[in-house]
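One letter stands for each residue in the lines below.
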Amino acid sequence: MYRKAAILSSLLASAYAQQAGTEEAETHPKMTWQDCSAGGSCTTKNGEVVLDSNWRWVHEIGGYTNCYTGNAWDEAICSDNESCAQNCAIDGADYSGTYGVTASGNELNLKFVTEGPEATNVGSRLYMMASPDKYEMYKLLNREFTFDVDVSSLGCGLNGALYFVSMPEDGGLGTNGNQAGAEYGTGYCDSQCPRDLKFIDGLANFEGWNSAEGDENAGVGGRGACCAELDVWEANAISSAFTPHPCDTPGLTVCEGEDCGGTYSETRYAGTCDPDGCDFNPYRQGDPDFYGEGKTVDTTKKMTVVTQFLTDDGTDSGTLNEIRRFYVQDGQVIPNSESKIAEIPGDSLTQEFCDAQKQVFGDENTFEQHGGWKNMSDAMAEGMVLVMSLWDDRHSQMLWLDSTYPVDAPASQLGAGRGECATDSGAPDDVRVEQAGASVTFGNIKYGPIGSTFDAPA
Ligand SMILES: *[C@@H]1O[C@H](CO)[C@@H](O)[C@H](O)[C@H]1NC(C)=O
Ligand SMILES: *[C@@H]1O[C@H](CO)[C@@H](O)[C@H](O)[C@H]1NC(C)=O
């Protein structure tokens, strides 16, 4: 039914459009999760996940000619943002064969490098869906979110991430003629205002697109897609962090060029979002023995990660004022690490913690500049999309997560040491060879009122 409509409109070609192709059927991998209620009883939800549109084959409508190959648009098909969106379709995905994505029961496994029939795929990004064409919108205020993760094969430079972003529920279906929508994983945005997206808001990111130096698969375009981001889990076997990133406007906001700020711009702090966030990484807080191989939270084994989003008045309509973390491993509940830096006390993120951290580490307080807890709450109140991804980092080699960063700072400088990885580790050219076999597994997702998803300590 839907496909028919898409073909029809492409024949009419009456509007600018990001079209959906029909060469490969789009079949979302199925994955269950648990919706829990106070008292701890949980209902199984039959969820499904969708691959982000950026990973997909982009080809000429009604044909097989690539619109985009490697890291460049075909200028015979595209002459501007509109014509490119009008003439090109993104297609269905062979999840396991091409992208190394498999789901089974309550688990999702993402492989880092997959040698497919056509090309080599690196990493992936998937979204949880409520129906075949709508993202699940999680409302996290005064809630708890719990999942199991196996990071044991993720070495220096890799990041198996679970986080939330304020993407549109329908992926922007209909905007500027976007015919693909959430069913094809459109509408991504985050607090780095990414400019590596081939389509934004239904239009191609063709104008101003520069192929990324040193990456045969990526580019940076003239526009970026900003929205609030709540990083519950950014981790490998060496380091982990959780980090809220508010924006001036919670939902998708298109930015232009260097005004975007964030990772993809020379002007990191020029945008409307907080690219740094307020983070809790136990190693960075002076506790090198808490998280890692054979440590208190042992990354050689699967673990359960619990995150609580507490509000100031203990209700769903309150303002977020604390993010608390627990781990469960081998049946034992492990409270989060206590910061060992005397001037930044605490084992959770709070206003006091974030203020002290920015001051003591000498970091610009972009968290506060973009509305802090209040604006993060505004985003959470509207509902956010669950993202699970595996990625490497062409911009800073993931050193901000697992090494010393800035690299020229002495590791003893407060805030600079983030993990045990060498400052020359994590380059994509290296990790794509040395860690080609790596993968991350997320599973057993539970969501519900505080205390409903695990046996909390009394
Ligand atoms: C197309 O892209 C350019 C460069 O990013 C931008 O300035 C222009 O506004 C875009 N056109 C539309 C219609 O969005
Ligand atoms: C926070 O949100 C408000 C309301 O949406 C907005 O007006 C403001 O610009 C945002 N940013 C800051 C820094 O307060």
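You'll find the structure just up there.
If you're wondering where the values come from, they're calculated on a predicted model, not measured in any experiment.

*Asks:* Honestly, the nonpolar core in this entry has me stumped. Any pointers?
*Replies:* For soluble globular proteins, nonpolar side chains are generally found buried alongside one another. Counting residues in each nonpolar core, the largest one holds 89 residues, and the members touching the most others are Phe145, Phe147, Leu162, Phe164, Trp233 and Met388. Looking at this core element by element, the count peaks at six residues for strand β31 (residues 384–391).

*Asks:* What am I meant to see in the sheet that holds strand β4 (residues 58–60) here?
*Replies:* Within a sheet, adjacent strands bond to each other through the backbone by hydrogen bonds, running parallel or antiparallel. With respect to topology, three strands assemble into an open sheet ordered β1-β7-β4, the strand pairing being mixed. Each end of this open sheet is capped by a strand with a single partner; those strands are β1 (19–20) and β4. Sheet topology note: the β4/strand β7 (residues 88–90) ladder contains three bridges and is antiparallel. Residue pairing for β7: Glu60 is matched across the bridge by Cys88.

*Asks:* Please clarify how helix α4 (residues 351–361) should be interpreted in this entry.
*Replies:* In an α-helix, one full turn covers 3.6 residues, which means residues spaced three or four apart are oriented alike. Residues Phe353, Cys354, Ala356, Gln357, Lys358 and Phe361 constitute the buried set of α4. Directly after α4, the chain includes Gly362, whose backbone phi takes a positive value near 70°.

*Asks:* What am I meant to see in the pairing of strand β15 (residues 143–150) here?
*Replies:* Along any regular strand, the residues point their side chains to alternate faces of the sheet. Of all eight residues in β15, seven are buried, a share of seventy percent or more. Relative to strand β32 (residues 439–449), β15 runs antiparallel, the two being bridged by seven bridges. Across the sheet, residue Arg143 finds its bridge partner in β32, namely Pro449.

*Asks:* Sorry, what's going on with the state of the cysteines here?
*Replies:* Disulfides are covalent bonds that link the sulfur atoms of two cysteine residues. A full pass over the atoms with the stated rule returns nine disulfides. Residue pairing for Cys36: its cysteine sulfur links by disulfide to Cys42, the two sulfurs lying 2.2 Å apart. In this structure, the disulfide formed by Cys36 and Cys42 twists by about 100° around the S-S bond and is classed as right-handed. Residue Cys42 is classed as partly exposed on the basis of its relative accessible area of 30%. Put simply, Cys67 and Cys88 are joined by a disulfide, and their sulfur atoms are 2.0 Å apart. Where Cys67 bonds to Cys88 through sulfur, the torsion about that S-S bond is close to -100°, and the disulfide is left-handed. Of the two residues, Cys67 sits in the loop between β4 and β5 (68–69) while Cys88 sits in strand β7, which places them 21 residues apart along the sequence. Judged by relative accessible area, which is 0%, Cys67 ranks as buried.

*Asks:* For this particular structure, what's the right way to read the pattern of salt bridges?
*Replies:* Between side chains of opposite charge, a pair can form as their charged atoms come close. Enumeration over the complete set of coordinates arrives at 14 salt bridges. Here Glu26 ties to Arg56 by a salt bridge, and the two come within 2.8 Å at their closest N and O atoms. You can see Glu26 sitting in the loop between β1 and β2 (30–36) and its partner Arg56 sitting in the loop between β3 (42–51) and β4, a full 30 residues away along the chain. There is no split in this pair, since Glu26 and Arg56 are both buried. With a closest N to O distance of 2.7 Å, Asp392 and Arg432 form a salt bridge. Of this pair, Asp392 sits in the loop between β31 and α7 (399–402) while Arg432 sits in helix α8 (residues 428–434); the two residues are 40 residues apart in sequence, bridging distant segments of the chain.

*Asks:* How should I be thinking about the layout of surface pockets in this particular structure?
*Replies:* Rolled over the atoms, a probe with the dimensions of a water molecule shows which regions are left empty. Computed from the structure, the second largest pocket encloses a volume of approximately 490 Å³. In this structure, the second largest pocket is lined by 24 residues; those nearest its centre are Ala212, Glu213, Gly214, Asp215 and Arg394. Contributing elements (two or more residues each) for the lining of the second largest pocket: β11 (120–122), β19 (210–211) and α8. For the lining of the second largest pocket, the residue count by class is seven nonpolar, eight polar and nine charged.

*Asks:* Please explain empty space enclosed by the protein as it appears in this structure.
*Replies:* Scanning all chains against the criterion turns up two cavities of 30 Å³ or more. One number sums up the size of the largest cavity: a volume of about 150 Å³. Around the largest cavity, the lining is made up of 20 residues, and of these Thr186, Gly187, Tyr188, Phe199 and Ile200 lie nearest the centre. Among the residues making up the lining of the largest cavity, the classes are represented as seven nonpolar, 10 polar and three charged. In terms of lining, the second largest cavity is formed by Ile238, Ser239, Ser240, Asn281, Pro282, Tyr283, Asp287 and Tyr291.

*Asks:* Is there a simple way to explain helix α6 (residues 372–382) in this structure?
*Replies:* Of the residues making up α6, those classed as buried are Gly372, Trp373, Asn375, Met376, Ser377, Ala379 and Met380. Gly383 occupies a position one or two residues after α6 and carries a positive phi of about 95°.

*Asks:* Would you mind showing me how to read unusual backbone geometry here?
*Replies:* Glycine aside, residues mostly have negative phi, and peptide bonds are mostly found in the trans state. A cis geometry characterises the amide bond from Tyr405 onward to Pro406, with omega recorded as 0°. Note on placement: Pro406 falls in the loop between α7 and α8. With a phi angle near 50°, Asn176 is a residue other than glycine that sits in the positive phi range. By the secondary structure assignment, Asn176 is in the loop between β16 (159–165) and β17 (199–200). Asn176 gets classed as partly exposed once you look at its relative accessible area, which sits at 33%. For Met398, which is not a glycine, the phi torsion comes out positive at approximately 65°. Mapping Met398 onto the fold places it in the loop between β31 and α7. Classification of Met398 by relative accessible area gives buried; the value is 0%.

Reading the values: the criteria
Residues numbered from 1 in each chain as written. Chains lettered and ligands numbered in written order. Predicted model: local features only at pLDDT ≥ 70, side-chain atom pairs only at ≥ 80, totals over all residues. Heavy atoms only, no water. Core = buried A, V, L, I, M, F, W, Y, C linked by side-chain atoms within 4.5 Å. Buried < 20%, exposed > 50% of the residue type's maximum accessible area, 1.4 Å probe, protein only. Helix = DSSP H or I, 4+ residues; strand = E, 2+ residues; numbered from the N terminus. Pairing = 2+ DSSP bridges. Disulfide = S-S within 2.5 Å. Salt bridge = Lys/Arg side-chain N within 4 Å of Asp/Glu carboxyl O. 1 Å grid on protein atoms, 1.4 Å probe; cavity = no way out; pocket = protein on both sides within 12 Å on 5 of 7 lines; lining within 4 Å. Points joined across faces, edges and corners; volume = space filled by probe spheres on them. Nonpolar A, V, L, I, M, F, W, Y, C, P; charged D, E, K, R; others polar.

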